[in-house]
Amino acid sequence: DVDNAAGAAMGTKYLLDLGRTRIATIAGPDNMQAAIDRHEGWLRTVSEAGLSTELAIHGDFTMASGAAAMRELLERDPNIDALFVASDLMASGAISVLRDRGLRVPDEVAVVGFDDSSAATSGEIRLTTVHQPSREMGEEMARMMLALLRGEPTERERVMPLRMVVRDSA
């Protein structure tokens, strides 16, 4: 696994370091632990910075939900200057709405996603994102399972490192 709360805090802190002060989030489903942890990381970071925690909407990790959430966030506050999104797919949907509304990414609204999936590099704007080492996680799970099957001692959990990948959106 990864420390999802720490990854969300890392992405949100990156936006703070850019000088952004109206940082919204599109969180994942509120019944999924990774999404809950990512929302908590954003919430803790903006709260510690003394910023509003009201600019949060939950999506379902799809592009369509990211777009719908972005439309709702802009209705609530048209002065949002940054967005932390719990998945690259939802971030892609959000960016499409920002562009349709004539807002320039990252000049007017900086966007940070989470995953570093193919969605981060397939759009018109390459996404700044928190890299989740999915391939390495799969390899580590396989290694741990094989060790268990051989009767060898192995750790029960492993938390993999996260890192920022800076591209064009923030």
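Anyway, here's the lowdown on the structure attached to this text. If you're wondering where the values come from, they're calculated on a predicted model, not measured in any experiment.

## A closer look at the environment of Met144
Piece 1. Among the secondary structure elements, Met144 is positioned in helix α6 (residues 134-149).
Piece 2. Under the relative-accessibility criterion, Met144 is labelled buried at 12%.
Piece 3. Sequence separation between Met144 and Ala86 is 58 residues, and the spatial gap between their C-alpha atoms is 28 Å.

## Remarks on the packing of aromatic side chains
Geometrically, a pair of aromatic rings is defined through the distance of the ring centres and the angle of the planes.
Piece 1. For the structure on display, the rule yields one aromatic pair.
Piece 2. Pairing Phe84 with Phe114 gives two aromatic rings, centres 6.5 Å apart and planes at 85 degrees, and the pair type is edge-to-face. A residue pair is termed long-range when its members are at least 10 positions apart, and Phe84 in strand β3 (residues 82-85) and Phe114 in strand β4 (residues 110-115) qualify at 30 residues. Both residues of the pair, Phe84 and Phe114, count as buried.
Piece 3. The ring of Phe114 is capped by Arg38, whose NZ or CZ atom sits 3.7 Å from the centre of that ring.

## Regarding α6
Piece 1. With 16 residues, α6 ought to run about 22 Å at 1.5 Å a step, and its terminal C-alpha atoms sit 23 Å apart, in line with that.
Piece 2. All buried positions along α6 are accounted for by Met137, Glu140, Met144 and Ala147. Buried positions in α6, seen along its axis, are confined to an arc of 90 degrees and lie on one side of it. Residues of α6 that are exposed and point over 90 degrees away from its buried face: Arg135, Met145 and Leu149.
Piece 3. Residue Gly151 follows α6 closely and has a positive phi angle near 80 degrees.

## Here's the deal with the pattern of salt bridges
Piece 1. Within the structure shown, the criterion is met by eleven salt bridges.
Piece 2. As a salt-bridge pair, Lys13 and Asp17 come within 2.8 Å of each other at their nearest N and O atoms. Of the two residues, Lys13 and Asp17 both sit in helix α1 (residues 4-17), four residues apart, roughly one turn of that helix.
Piece 3. Accessibility expressed as a relative area gives 43% for Lys13, which makes it partly exposed.
Piece 4. With a shortest N-O distance of 3.5 Å, Glu139 and Arg135 are connected by a salt bridge. With Glu139 and Arg135 both in helix α6, this residue pair falls four residues apart, about one helical turn.
Piece 5. The class for Glu139 is partly exposed, based on a relative accessible area of 48%.
Piece 6. Here the salt bridges share partners, and the residues they tie into one network are Arg104, Asp107 and Glu108.

Calculation criteria
Residues numbered from 1 in each chain as written. Predicted model: local features only at pLDDT ≥ 70, side-chain atom pairs only at ≥ 80, totals over all residues. Heavy atoms only, no water. Helix = DSSP H or I, 4+ residues; strand = E, 2+ residues; numbered from the N terminus. Buried < 20%, exposed > 50% of the residue type's maximum accessible area, 1.4 Å probe, protein only. Phe/Tyr/Trp six-rings, centres within 6.5 Å; stacked < 30°, edge-to-face > 60°. Lys NZ or Arg CZ within 6 Å of the ring centre and 35° of its normal. Expected span 1.5 Å × (residues − 1). Arc of directions from axis to C-beta. Salt bridge = Lys/Arg side-chain N within 4 Å of Asp/Glu carboxyl O.

Everything listed here is a matter of geometry and, on its own, says nothing about what the molecule does.
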